[in-house]
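Structural characterization, general
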Amino acid sequence: MARQVFEDIDAKPLIVQSDKTLLLEVDHPLFEEARAIISRFAELEKSPEYLHTYRITPLSLWNAAAAKMKAEEIIDALYRYSKYPVPQVVNSEIVTQISRYGKLKLKRDEQGNLILYSKDTAYIKEVLRHKKIQPYLEGPKDENTIYVKNDFRGHLKQALIKIGYPVEDLAGYDEGNAFKFNLREYTRSGKKFEIRDYQRDAIEAFYAGGSVEGGSGVIVLPCGAGKTIVGIGCMHAIGTQTLILVTNTLSIRQWKQELLDKTDIKESDIGEYSGEKKEIRPITIATYNILTHRRKKGDEFTHFRLFSSNNWGFIIYDEVHLLPAPVFRMTSELQAKRRLGLTATLVREDGLEDDVFSLIGPKKYDVPWKDLEKKQWIAEARCIEVRVPMREMLRNAYSVADDREKFRLSSENPEKTRVVGTLLHYHRQDQVLIIGQYLNQLKRIAGRFGIPLITGKTPLSERERLYREFREKKIPALVVSKVANFSIDLPDANVAIQVSGTFGSRQEEAQRLGRVLRPKEKGLNQALFYSVVTNESTEERFAHNRQLFLTEQGYEYFIYSYEQFKEVYGNYLKIIEEQKKQGTYRPIPPKATLQLDEKDKEEDQKEAARELAMQP
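Turning next to the packing of aromatic side chains. Evaluated as defined, the whole model comprises 7 aromatic pairs. Ring centres of Phe206 and Phe314 lie 5.8 Å apart, and the angle between their planes is 40°; this geometry places the pair in the tilted category. With Phe206 in helix H8 (residues 197-207) and Phe314 in strand E14 (residues 314-318), this residue pair connects regions lying 108 residues apart in the sequence. Through a chain of ring-to-ring contacts, the aromatic side chains of Trp62, Tyr101 and Phe357 assemble into a single cluster. When the ring centre of Tyr273 is taken as reference, the NZ or CZ atom of Lys278 above it lies at 5.9 Å. In this arrangement the basic side chain of Lys406 is found over the ring face of Tyr398, its NZ or CZ atom lying 5.4 Å from the centre.

Structure below.
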């Protein structure tokens, strides 16, 4: 009998603990199968080599409930994969939190009044008594219903989720000004245009046939999987004038280009609202930066009037995980508008995931990155971390530095340049992006290898030119700062080398990996993502957080020591040395002259301080 028990234990990969953490055995044959369902209702916290740790949270369960997962389905999955009996407290928490979503519903009554309704009168009594909720209420209608102040629909949802009551909003939408258009059968370049199956599924999950159950929520898809196409498909289904909010001016141009390429919308009907232009058209694309602009601290936001400047029927929040906190404030007053969030990851560094849930809407559609990779909708990616040592002089400076300086010194370790040089030689036939955030570090790398550099200071016209020449393969490599984290379309980039970054940031990792995931038109549909990290340093500690995102998506993560790296790539270096002796070696371009700047050094130091402040 005892032997049978141990055989049953070995047959299952999961341990469920009473603190609502889940330990999943990586080497188990059922790992992939279990991970696929667990990730739908739990959040990945740690991903070391042998056991991955997930945590069941109220928000993870509410998103599952919004996606129509039942408590019984979740509990059944835990029992199916768990080595040991599932603690009763976990079962109870799942049942409680799943049942809470939709326990309170926002609706319209027969006269069109906004009401908060629950079948459970105890919920209504508790809401009426709560001091933080009372300012948004008019008073009771009956024992199951409360009148809500019409202008405080979003404020109420935001306040209720803070006390553990996620509201299902079925109050409907203002239709806005109609604006119909057609999708093209062929793009302007003559290519056949078809919405992919998963994109269509995402559109249908969001739109829900035009019912009140749809129309607000978040679509989670990897970079390169066509989130913009999903946005355009939702616009086509809804058929109203639309406000699209994006991260930067380059994103405005890319959205505009996609709209013109995939639809019959006239160029004159698409407006740009940015630092350069202030156009309001039936389709208007604006940056988050312009919306959060104010003349001085404490002043009103200069351009918030954009939200009320037209009778929008639909608002799209591109890269919703970066939605600035001030925009949440205005969004809370726009709950009668249909709202779509697009993102590669729901993780926010400021912990405001519950505000995204309550104000933009719950997760409506998600698909594992590896599923899209298998179908070749995105490139097959291999993720490699190279850990480099510190030389004695740098180690001495590091040992006496404060935390901020330690982070900067380890991020800018000159030994990283050697790895970059080796990888540039090794990937000489590829299209390579070198990504970092410390300006002087990037200038040194760009200068050492004669590669064009793009930072926030690079004029937009120059950026567009360099990106275009990279796409046309006139330039084989670019050095880019954090400006390249978001919304750049470089489909042929197949190698990324990350030399510094917000190493605790899973959202940044999603964006940077996404730079090389776009499907390749020719040759193998493969991409390589290197991260160069200083060994035994603050930077290495933060790198563990980054691995969480990659593991979440099912990617295998390879870690090389510096010695292992030299061994793996050593044969190629020997070939280079032999070519030099024979006179057949063709070096990379000569050093460029880029001035290092004290102001940039100061900015780098401030950036390190900001990075550390963001860490838990």
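Glancing now at the confidence of the model for the protein chain. Overall, the predicted model of the protein chain reaches an average pLDDT of 83, with 83% of residues at or above 70. Model confidence for the protein chain, summarised as mean pLDDT per element, is weakest for helix H1 (residues 2-10) at 51 and strongest for helix H9 (residues 227-238) at 96. Taken as a whole, residues 1-7 scores under 50 in pLDDT and shows 0 contacts with residues more than four places along the chain or in a different chain. Within the model, the stretch residues 611-616 combines pLDDT values under 50 with 17 contacts to residues more than four positions away or in other chains.

This brings us to the sheet that holds strand E16 (residues 363-366). Read from one edge to the other, the open sheet built from 7 strands follows the order E12-E13-E11-E14-E15-E10-E16, with strand pairing classed as parallel. Strand pairing shows two members of the sheet lacking a second neighbour, strand E12 (270-273) and E16, which therefore form its edges. Recorded for the sheet is a direction-independent mean angle of 20° between the axes of neighbouring strands. Pairing analysis gives 5 bridges linking E14 to strand E15 (residues 338-343), with the strands arranged parallel. Directly across from Asp318, in E15, lies its bridge partner Leu342. H8 rests against strand E10 (216-220), E14, E15 and E16 of the sheet, and its axis sits at about 170° to E16. Lying on the sheet, helix H10 (residues 249-262) is in contact with strand E11 (242-246), E12, strand E13 (283-287), E14 and E15; it crosses E13 at an angle near 160°.

A separate point is the packing of H10 against helix H19 (residues 460-471). Think of two packed helices as two axes; the pair is described by the angle between the axes and how far apart they sit. Running from N to C, H10 and H19 point in directions that differ by 55°, and their axes come no closer than 11 Å. The pairing of H10 with H19 is recorded here as oblique in orientation. Relative to H19, H10 is oriented so that their crossing is right-handed. Counted together, Thr249, Leu250 and Arg253 of H10 and Leu460, Glu464 and Tyr467 of H19 form the full contact between these two elements. Class assignment of the residues belonging to the contact of H10 with H19 gives a composition of 3 nonpolar, 1 polar and 2 charged.

Right, let's talk about the environment of Asp19 for a bit. Secondary-structure assignment places Asp19 in the loop between strand E1 (14-16) and strand E2 (21-25). As a C-alpha pair, Asp19 and Pro87 span 68 residues in sequence and 9.2 Å in three-dimensional space. One polar contact links Asp19 to Thr21, side chain to side chain, over a distance of 2.6 Å.

Of all hydrophobic cores here, the largest spans 56 residues; its most connected members are Ile219, Leu221, Ile244, Leu259 and Leu478. Sort the elements by how many residues they give to this core and H9 lands first, with 6 residues. In terms of nonpolar packing, the next biggest core, distinct from the first, is built from 34 residues, Leu22, Trp62, Ala65 and Ile94 among them.

Listed in full, the buried residues belonging to helix H4 (residues 71-81) are Ala71, Ile74, Ile75, Ala77, Leu78 and Tyr81. All buried residues of H4 lie within an arc of 155° about the axis, which places them on one face of the element. Packed against the buried residues of H4 are E1, E2, helix H2 (31-38), helix H3 (58-66) and helix H5 (88-100).

The next subject is unusual backbone geometry. Its identity is not glycine, yet Lys68 carries a phi of approximately 75°, on the positive side. With respect to the helices and strands, the residue Lys68 is situated in the loop between H3 and H4.

What follows concerns the pairing of E13. Regular strands place side chains that alternate from one sheet face to the opposite one. Taken across its 5 residues, E13 has 5 buried, putting it largely inside the fold. Here E13 shows two buried faces, one formed by Ile283, Ile285 and Thr287 and the other by Thr284 and Ala286. Relative to E13, E12 is paired through 4 bridges, and the arrangement is parallel. When the sheet's bridge partners are listed, Gly271 is paired in E13 with Thr284.

Basis of the calculations
Residues numbered from 1 in each chain as written. Predicted model: local features only at pLDDT ≥ 70, side-chain atom pairs only at ≥ 80, totals over all residues. Heavy atoms only, no water. Phe/Tyr/Trp six-rings, centres within 6.5 Å; stacked < 30°, edge-to-face > 60°. Helix = DSSP H or I, 4+ residues; strand = E, 2+ residues; numbered from the N terminus. Lys NZ or Arg CZ within 6 Å of the ring centre and 35° of its normal. pLDDT = per-residue confidence, 0-100. Contact = heavy atoms within 4.5 Å. Pairing = 2+ DSSP bridges. Axes fitted to C-alpha atoms, helices over the stretch in contact; angles between N-to-C directions. Parallel < 35°, antiparallel > 145°, perpendicular 65-115°, else oblique. Left-handed = near helix turned anticlockwise from the far one by under 90°. Nonpolar A, V, L, I, M, F, W, Y, C, P; charged D, E, K, R; others polar. Polar contact = N/O pair within 3.5 Å; in protein donor to acceptor, adjacent residues only side chain to side chain. Core = buried A, V, L, I, M, F, W, Y, C linked by side-chain atoms within 4.5 Å. Buried < 20%, exposed > 50% of the residue type's maximum accessible area, 1.4 Å probe, protein only. Arc of directions from axis to C-beta.

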